[in-house]
Structure formats: C-alpha cells, structure tokens
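Now for the letters of each chain:
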Amino acid sequence: MTGGRVTFREGLRYRGGLNMYAWALHRLTGLGVLAFLAVHIIETFFLTLGPDAYNAAISIYKSPFFKVAEIALTFAVLYHAVNGIRVTIQDFWPALWRYERAFIWASAAIFVLAFVPLAILSILPLLRGEY
Amino acid sequence: MKVRFDIKRYNPEVDEHPHFEKYDVELEETDRVLDGLNEIRWRIDGTFALRRSCEHGICGSDAMRINGTNRLACKTLIKDVGEDVRVEPLIGFPVVKDLVVDQERFFAHYRSVLPFLINDEPPPARERLQSPKERARFDDTTKCILCGACTTACPSAWADEKFVGPAAIVQAHRFIFDSRDRGSAERLARLSGRNGAWGCRTIFNCTRACPRGIEVTKAIAEVKRSLIMGSSEERSS
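Because the structure is predicted, anything quoted here is derived from the model rather than measured.

> Looking at this structure, I do not really get the overall build of chain A. What am I missing?
Of regular secondary structure, chain A possesses five helices and zero strands. Listed by position from the N terminus, the elements making up chain A come as α-α-α-α-α. Taken against the 2.2 N^0.38 rule, which gives 14 Å for 131 residues, the C-alpha radius of gyration of chain A at 19 Å runs more than 25% over that of a compact globule. C-alpha atoms of chain A, sized along the principal axes, occupy 55 × 45 × 30 Å. Evaluated residue by residue, chain A yields a buried proportion of 31% over its 131 residues. Summed over all atoms, the accessible surface of chain A reaches about 8500 Å², with 75% contributed by carbon and sulfur. The averaged location of the 7 negative side-chain charges in chain A is 13 Å from the averaged location of its 11 positive side-chain charges.

> Even after reading the chapter, I still don't get helix α9 (residues 216–229) of chain B, so can you show me in this structure?
Residue and element names in this part refer to chain B. Taking 1.5 Å of rise per residue, the 14 residues of α9 would be expected to cover 20 Å, and the 20 Å separating its terminal C-alpha atoms lies within 8% of that figure. All buried positions along α9 are accounted for by Val216, Thr217, Lys218, Ala219, Ile220, Ala221, Glu222, Val223, Lys224, Arg225 and Ser226. Phi turns positive, to about 70 degrees, at Gly230, one or two residues after α9.

> In this structure, what is going on with the packing of aromatic side chains? I would like to understand it.
Two measures describe an aromatic ring pair: the distance that separates the ring centres and the angle between the ring planes. Following the criterion strictly, the structure yields 13 aromatic pairs over all chains and no others. Ring centres 5.4 Å apart and planes at 85 degrees place the aromatic pair A:Phe75 and A:Phe115 in the edge-to-face group. Pair noted here: A:Phe75 is in helix α4 (residues 64–92) and A:Phe115 is in helix α5 (residues 100–127), with a separation of 40 residues, a long-range link. Judged by relative accessible area, which is 27%, A:Phe75 ranks as partly exposed. Relative to B:Phe107, the ring of B:Phe106 has its centre 5.1 Å away and its plane inclined at 80 degrees; by these criteria the two rings are edge-to-face. Classification of B:Phe106 by relative accessible area gives buried; the value is 4%. An aromatic cluster of three or more residues is present, and its members are A:Phe75, A:Tyr79, A:Phe111 and A:Phe115. Above the plane of the ring of B:Phe20 lies B:Arg86, whose end atom (NZ or CZ) is 4.0 Å from the centre. Sitting above the plane of the B:Phe175 ring, B:Arg174 keeps its charged end 4.2 Å from the centroid.

> In this structure, what is going on with the interface of chain B and chain A? I would like to understand it.
How big an interface is tends to be stated in terms of accessible area lost as the parts join. On the chain A side, the residues contacting the 38 residues of chain B number 28 residues. Summed over both partners, the interface of chain B with chain A buries about 3000 Å², with 57% contributed by carbon and sulfur atoms. By the criterion of area lost to chain A, the three top residues of chain B are B:Trp158, B:Phe204 and B:Arg208, representing 18% of everything that side buries. At the junction of chain B and chain A, the tally comes to five salt bridges. The shortest N-O distance in the salt bridge between B:Lys8 and A:Glu10 comes to 3.4 Å. Breaking the side of chain B that touches chain A down by element, the ones donating at least two residues are β4 (69–72), β5 (84–88), β6 (95–97), α5 (155–159), α8 (205–209) and α9 of chain B. In terms of residue class, the side of chain B that touches chain A is built from 16 nonpolar, nine polar and 13 charged.

> I would appreciate a short explanation of the packing of helix α2 (residues 18–45) of chain A against α4(A) in the present structure.
In a pair of packed helices, the angle between the axes and the distance between the axes together describe the arrangement. Residues and elements named next belong to chain A. One way to put it is that α2 packs onto α4 with a least axis distance of 8 Å and a crossing angle of 130 degrees. Between α2 and α4, the crossing angle belongs to the class labelled oblique. Like other packed secondary-structure pairs, α2 and α4 cross with a definite hand, here left-handed. Residue-level contacts link Asn19, Ala22, Leu25, His26, Thr29, Gly30, Val33 and Phe36 of α2 to Leu73, Phe75, Ala76, Val77, Tyr79, His80, Asn83, Gly84 and Arg86 of α4. In terms of residue class, the contact of α2 with α4 is built from nine nonpolar, seven polar and one charged.

> Whenever I open this one, the sheet that holds strand β3 (residues 63–66) of chain B confuses me. Can you help?
Neighbouring strands of a sheet are bound in pairs by backbone hydrogen bonds; such pairs are parallel or else antiparallel. Residues and elements named next belong to chain B. Here five strands make up an open sheet; going across it, the order is β2-β1-β5-β3-β4 and the pairing mixed. Of all the strands in the sheet, the pair left with one neighbour each is β2 (19–26) and β4. Neighbour-to-neighbour, the strand axes of the sheet open up by a mean angle of 35 degrees, direction not taken into account. For strand β1 (residues 2–9) and β5, the ladder comprises four bridges, and the chain directions are parallel. The partner of Phe5 across the bridge, within β5, is Val85. Of the strands in this sheet, β1, β2, β3 and β5 are in contact with helix α1 (residues 33–44), which crosses β2 at around 100 degrees.

About the cut-offs
- Residues numbered from 1 in each chain as written.
- Chains lettered and ligands numbered in written order.
- Predicted model: local features only at pLDDT ≥ 70, side-chain atom pairs only at ≥ 80, totals over all residues.
- Heavy atoms only, no water.
- Helix = DSSP H or I, 4+ residues; strand = E, 2+ residues; numbered from the N terminus.
- Rg over C-alpha atoms; globule rule 2.2 N^0.38 Å.
- Buried < 20%, exposed > 50% of the residue type's maximum accessible area, 1.4 Å probe, protein only.
- Areas by Shrake-Rupley, 256 points an atom, 1.4 Å probe, with all protein chains shown as cover.
- Lys, Arg positive; Asp, Glu negative; His and termini not counted.
- Charge placed at Lys NZ, Arg CZ, Asp CG, Glu CD.
- Expected span 1.5 Å × (residues − 1).
- Phe/Tyr/Trp six-rings, centres within 6.5 Å; stacked < 30°, edge-to-face > 60°.
- Lys NZ or Arg CZ within 6 Å of the ring centre and 35° of its normal.
- Contact = heavy atoms within 4.5 Å.
- Buried area = accessible area lost by both parts, 1.4 Å probe.
- Salt bridge = Lys/Arg side-chain N within 4 Å of Asp/Glu carboxyl O.
- Nonpolar A, V, L, I, M, F, W, Y, C, P; charged D, E, K, R; others polar.
- Axes fitted to C-alpha atoms, helices over the stretch in contact; angles between N-to-C directions.
- Parallel < 35°, antiparallel > 145°, perpendicular 65-115°, else oblique.
- Left-handed = near helix turned anticlockwise from the far one by under 90°.
- Pairing = 2+ DSSP bridges.

Next up, the structure:
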C-alpha cells in the first residue's frame, strides 16, 4: 500500500467548486496578514531603541516595494474579513445552504467594491512618481 | 463511440510508483463509466483492480475520482464526462491496488460517532413512535451509503487524518436529530473538538461530491449549531 497522505499538488488537482478556491485564498491571505504582523512587530520593536532607530526603520516603508506590499496587505485583510464573515453566516444559518453560490458572488462583489477604491488611492502616489 | 480511459494504476508488488495507462473502449453515451471499467477488466486487462458490488448506486463500493472529482462510477454516464475519462483512486486513503483503497480509517471515524440508536428506556410494546415531522428532521442524512466520496473530497480531511470527516458527521447527524435517540450528548461531546465538527471549514466539496445529493455541509452546520446552542429545542426544530 502507498500511504494516504495527500500532497499539496494532488489537493490542488482535485476539482472542487468555487468555494474550494475561496477557501484556499482565505488561507493564503491569512498567512499574508500573519506575515505583516511579524514585520509590524519587528518594526515596533525599534521604538525601544529610540526615535532615530524607529524613524530609520519605518523609512524603509517609503519605497515602491512596500507601496505594492501595502496594496497586497489591503487585499489580504479585506478578503479575509469579507470571506470570513460569509463563512460565519453560512455556519450559523444552515438553512441558507441553498444560496451558497449567491453568497460567494455577493461576498466577491463586496470585496471588489471595498478593495478597488482603496487600491487606487494607494497606487496614485506611486503613479505620480512620489516614490 | 470510442471512449479513451486514462487510469491511474499501481500494484505495490511490482510498481515503484503509480502510473497512468490508457485503454480505448467502445461504449454508448448512455453507458456508465463503470461499464467501461468492467469492459477493461473483463476483456482487456485482467490485472486491473477495482471495487464494485451492487453497481446501482446503493452499496457505495465504486466511489473514485472521475475527471478530477469524486463520483460513483455506476452513477456517472459517459455523456456527462465525455470521450476522455481520467480515473483515479480516492485521495487520502492508502492505495491497496489500482482503484482499491484501504478505508479502515474512514470506518474507524464512522464508528467513533456511535452510529446506532441509543435509548435505554424500556421498549414500548410496539415500535418507538415518531411523527412524520420528527422523521423528516433527519431524512436527508439517512441517505448516506458510506462510499467515502465526501470525506475524500474534503481538504480538512486531507490535511488531518484525525479529523472525523464529513461522512462521520453526517452519520452522527442522522442520530442526533432523531427524536427516539438519547445519545446526542455523547455524540456531540465527541464532535465538539477540532477533530470533530469544528474541523469543517465550510468548503462545500463534500456536498458537491455526494452521489446521493445529501446536503452535507448543511448537516455539518446544523451539528455545529447544536454544539453552540446545546438545547434539545434546537435539535427538534
């Protein structure tokens, strides 16, 4: 017998529905937010070394790379929040099961409406060459 | 019409790794995938192993991955999958040979939710009566045939062997919401951890894979709700 462990690749090859991809993105954005938290804690740590050290640390953020990372963070937080609320609603009200697809599309619409304006606001300074 | 089967083969006594083999079979579009697999086993390659018993969607023996999704070979028509059919064993279980998987862990999880009527009250002279409404409360989950299509479609079950999986929760649901049963507290206690109902991430792959059309994710959500509310009114509503 070969073992029953499912590799990451094999799992991705399974043809689930939209919900499976929504869940995969949920996990991915969760990890993204966690990564931000780690960076944020390190940056805040510089406060203990005095104002100059802290200012030097946060000046790294003023770069095109971190501007893009900021948009990615906005994406991750918004997606994780909206999708998380969708899953919570579906868990609490099982009777809504039949509207499963409508829920996916509604949460996608809310996400886009929230994300696009914020992303544009974030990217404008970059386009104006302020970085 | 000629149907090309691409089958994942693995014989642990001979092969180091699984591999795919192609077979061309002449079939009608109203034939089932299982007819093609039988044809291969009976007339083309007798070494090909698969499991099937009733061949009519009741015994649950022939769940497998067909074109990437878990289905019963005996309930899947050729016209629904096309002329190229990729067949693989269920994922998450050890492969015994070709499409035959070891379901021991699946049944251990099934037994762990006490899938039988628990009632110590003295039995009445005739049967334990139940109203049609009470019976309807758990009707959907009585349809489970333990084929394993849902559990092996579930990413949570892929990631964690200790998670009981959707099928076991469906079986628990069938008794938790049965007005004649008195073992709900014990079952809910067993399902209250992350290896129980909370291992479910509401991904809906199970519902999509169920060949009996059971609303699996909904049943799990009802068990989750019972775990939070904990009241018998919740269960009988």
